[in-house]
Amino acid sequence: MRNQKEAPVEMTYYGHGTAAERWERARQFFDAKEYATAARILADLADEVPEQVAPRLLLARAYYHSAQLLRAEAELRTVIELDPVEQYARLLLGRTLERQGRDADAAPHLRMAAAFSGDFTEV
């Protein structure tokens with residue numbers, strides 16, 4: 001007999017499978033421009049592997065493209081903590097801050113992204 005304190009585990013399509021299978025599923029949704037669905041999958045995946053940059057960066061991109069800008073900003077700041085020279089994270093954080101009307105906050109990140117990519121025309 002089952003312990004009454006145990007709740008049945010609900011397995012959804014989005015959370016089903018190995019981390020690699022969920023990563024692939026999230027990428028497919030992202031590529032299909034289903035950004036909110038991709039984010040739904042990636043949020044749990046990013047928490048499972050907090051030391052990895054790729055799932056969190058794709059999650060930030062999904063948030064950005066689905067106009068969840070505060071969530072995108074938070075994820076991008078975490079990516080930058082993990083990898084301070086991640087050029088794309090700096091660029092996307094700058095763009096995210098610009099979309100929020102925070103141009104002054106965006107400027108240093110955009111300059112760093114340009115410097116990391118070797119584009120010194122605006123630095």
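You'll find the structure just up there.
Treat the numbers as computed from the prediction; the structure is a model and nothing was measured.

## Details of the pattern of salt bridges
Link 1 in the chain: Enumeration over the complete set of coordinates arrives at 6 salt bridges.
Link 2 in the chain: Where Arg102 meets Glu73, a salt bridge forms, and the shortest distance between an N and an O atom there is 2.8 Å. In this pair, Arg102 is assigned in the loop between α5 (87-99) and α6 (103-117) and Glu73 in helix α4 (residues 69-82), connecting sequence segments 29 residues apart.
Link 3 in the chain: Taking relative accessible area as the criterion, Arg102 reaches 27% and is therefore assigned partly exposed.

## Some thoughts on the side chain of Thr37
Link 1 in the chain: Structurally, the position occupied by Thr37 is in helix α2 (residues 35-48).
Link 2 in the chain: On the basis of relative accessible area, Thr37 is assigned to the buried category, the value being 16%.

## Here we look at the packing of helix α3 (residues 53-65) against α5
Each packed pair of helices is defined by two parameters, the angle between the axes and the distance between the axes.
Link 1 in the chain: Here α3 crosses α5 at 25°, and the two axes come no closer than 11 Å. For the element pair α3 / α5, the angle class is roughly parallel. Relative to α5, the crossing made by α3 is left-handed. Contacts from Leu57, Ala60, Arg61 and Tyr64 in α3 reach Tyr88, Ala89, Leu92, Arg95, Thr96 and Arg99 in α5.

## Points about the nonpolar core
Link 1 in the chain: Formed by 28 residues in total, the largest nonpolar core has its most connected members in Phe30, Leu42, Leu57, Leu59, Ala62, Leu76 and Ala89.
Link 2 in the chain: Breaking this core down by element, the ones donating at least two residues are α1 (19-31), α2, α3, α4, α5 and α6.
Link 3 in the chain: Broken down by element, the residue count for this core peaks at 8 residues, all from α3.

Parameters at a glance
- Residue indices begin from 1 for each chain and proceed along its sequence in written order.
- Since the coordinates come from a predicted model, pLDDT governs what is reported: local features require at least 70, and pairs of side-chain atoms require 80 or more to be given and counted, while whole-chain, interface and lining totals use all residues.
- In computing side-chain values, all of the structure's heavy atoms are included and hydrogens and water are not.
- The term salt bridge refers to a pairing of a side-chain nitrogen on Lys or Arg with a carboxyl oxygen on Asp or Glu at a separation within 4 Å.
- Think of it this way: any DSSP run of H or I at least four residues long counts as a helix, any run of E at least two long counts as a strand, and we number them from the N terminus.
- Buried residues are those whose accessible area, probed at 1.4 Å on protein chains only, stays under 20% of the maximum for their type, while exposed residues exceed 50% and partly exposed ones sit between those limits.
- Inter-axis angles, ranging from 0 to 180 degrees, are taken between N-to-C directions of lines fitted to C-alpha atoms, where helices are fitted over the stretch in contact.
- Orientation is classified from the angle alone, with under 35 degrees giving roughly parallel, over 145 giving roughly antiparallel, 65 to 115 giving roughly perpendicular, and any other angle giving oblique.
- A clockwise turn of the near helix away from the far one marks a right-handed crossing, whereas an anticlockwise turn of less than a right angle marks a left-handed crossing.
- Throughout, a residue-residue contact means that at least one pair of heavy atoms, one from each residue, lies within 4.5 Å.
- Put simply, buried Ala, Val, Leu, Ile, Met, Phe, Trp, Tyr and Cys residues joined by side-chain atoms within 4.5 Å make one nonpolar core.

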